[in-house]
Amino acid sequence: MAAKAPLDELKKLSVSDGGANGKVATAANGANDGNVAEHSGEDSEDDADDQTAEPAPGAAKKKKNKKKKPKKKKKAPTAQTDPPSVLLSQLFPNNTYPKGEEVEYKDENRYRTTSEEKRHLDNLNNDFLTDYRHAAETHRQVRQWAQKHIKPGQTLTEIAEGIEDSIRRLVGHDGLAEGDAKIAGVGFPTGLNLDHIAAHYTPNAGNKTVLQQSNVMKVDIGVHVNGRIVDSAFTMAFDPMYDNLLTAVKEATNTGVKEAGIDVRLGELGGYIQEVMESYECEINGTTYPIKSIRNLTGHTILPYSIHGTKSVPIVKSSDNTKMEEGDVFAIETFGSTGNGYVHDEGEVSHYALRSDAPKVDLRLSSAKSLLNVIKKNFGTIPFARRYLDRLGQEKYLLGLNNLVQSGIVEDYPPLLDKKGSYTAQFEHTILLRPTVKEVISRGEDY
């Protein structure tokens, strides 16, 4: 989920000439056996004397004792279904979730790979790693299913709900019981951003937008387990003329992931990303466009239950000397555009989040008070969409929601757009700067 660069940080940018604790319950493997009941019906006694005569017509035949076979245990599933519905905890018993891509540190941090002290620190993070790998594998399985099944002609609502319902099934939390969505589930509203819309768009109730063959769609998915959020995104296009745009952004993100590490300065990292991004151009309908980094969008750190942390990763070169540090979790995301390379707020809001630093305000609107209670109990500081309030049975809440935004208690995230007629793309990975290695937790065979 994109972070918008603060205005004071934008002044620092040096743009190159080329571009303007509840644990998740583990489901039991297999079904309960159930008690094996033996049916031993009482047989009628034969006469003491042997009878050799044939039984009279219509007489009941002697019943045999039949022993009921015990029910066989259902085998634990070994593969995911289509659409995804099997609990990840069944596919990976005993918390054996796959690791992400582990990359050794370079240069002066190379010692970390074999340092006993750093290994000890790493081993103290078992719960942290288990939660993150659980969320990441859920992300991989859901997004790979989505990539196969998303087609022009589907509505954005159908696509978003398919992704979000799959996430909920795989982590085993449907988010309908009070507080359930805070244990595990959707990490933020699924972004389905078309063409010049770069970020923060998901359909609200009643939205009838249909995906078209000509669209370029950014799919931004969040999954969390115990507040450990995996934030990863990809772009889909159905016309090969957009291939260069997608390649530019994917390679820029991979460069950011490759160059990221402990002690790396964020402003320098932005320069590496920009250099790769803006080395590409894309011909669309006979016109060639340079690919520009969207300079007021950034990557960001991720904190427990908070999608946007305190550090930002620019995607253009800047004078920011802030360093990446051991223990940081970063979303490395890049955005490329055929337009201005600069986004603005526009359109109906769908993304919201309770502010962790919310002021204490005497709310006079009763609907705002009751809605705040619902938000705190069901989402905490995890971002949510209007659709999530709808599925909890909330009605006529917009006045109260807007009041919470105006009071500074809830933050809204309007859609972020470049100029109309332009096309934007996004790729993103979550990385963990562990004491011993960098783990690209969201890496998969797809990207």
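Scroll up a little and you will see the structure.
Residues numbered from 1 in each chain as written. Predicted model: local features only at pLDDT ≥ 70, side-chain atom pairs only at ≥ 80, totals over all residues. Heavy atoms only, no water.

### Concerning the overall build of the chain
Stage number 1. Per the secondary structure count, the chain includes 10 helices and 19 strands.
Stage number 2. The burial tally for the chain puts 50% of its 447 residues in the buried class. (Helix = DSSP H or I, 4+ residues; strand = E, 2+ residues; numbered from the N terminus. Buried < 20%, exposed > 50% of the residue type's maximum accessible area, 1.4 Å probe, protein only.)

### Quick look at the nonpolar core
Stage number 1. By size, the foremost hydrophobic cluster in this structure holds 106 residues, and its most contacted members are Met217, Met324, Ile332, Ile375 and Leu404.
Stage number 2. Here this core takes eight residues from helix 4 (residues 126–149), the largest share from any one element. (Core = buried A, V, L, I, M, F, W, Y, C linked by side-chain atoms within 4.5 Å.)

### Digging into the packing of helix 8 (residues 366–378) against helix 10 (residues 398–406)
Stage number 1. Contact pair helix 8 / helix 10: the axes reach a minimum separation of 8 Å and the direction vectors enclose 80°. Taken together, helix 8 and helix 10 sit at an angle that is classed as roughly perpendicular. Together, Ser367, Ala368, Leu371, Leu372 and Ile375 of helix 8 and Gly400, Leu401, Asn403 and Leu404 of helix 10 make up the contact between the two elements.
Stage number 2. Looking at the contact of helix 8 with helix 10 residue by residue, the classes come out as six nonpolar, three polar and no charged. (Axes fitted to C-alpha atoms, helices over the stretch in contact; angles between N-to-C directions. Parallel < 35°, antiparallel > 145°, perpendicular 65-115°, else oblique. Contact = heavy atoms within 4.5 Å. Nonpolar A, V, L, I, M, F, W, Y, C, P; charged D, E, K, R; others polar.)

### Some thoughts on the sheet that holds strand 13 (residues 344–345)
Stage number 1. As summarised here, the arrangement of the three strands in space is 4-17-13, forming an open sheet in which the pairing is antiparallel. Looking along the sheet, the strands with just one partner apiece sit at the ends: strand 4 (197–199) and strand 13.
Stage number 2. Of the strand pairs in this sheet, strand 13 and strand 17 (residues 416–417) are connected by two bridges, and their pairing is antiparallel. Of the residues in strand 17, the one forming a bridge with His344 is Leu417. (Pairing = 2+ DSSP bridges.)

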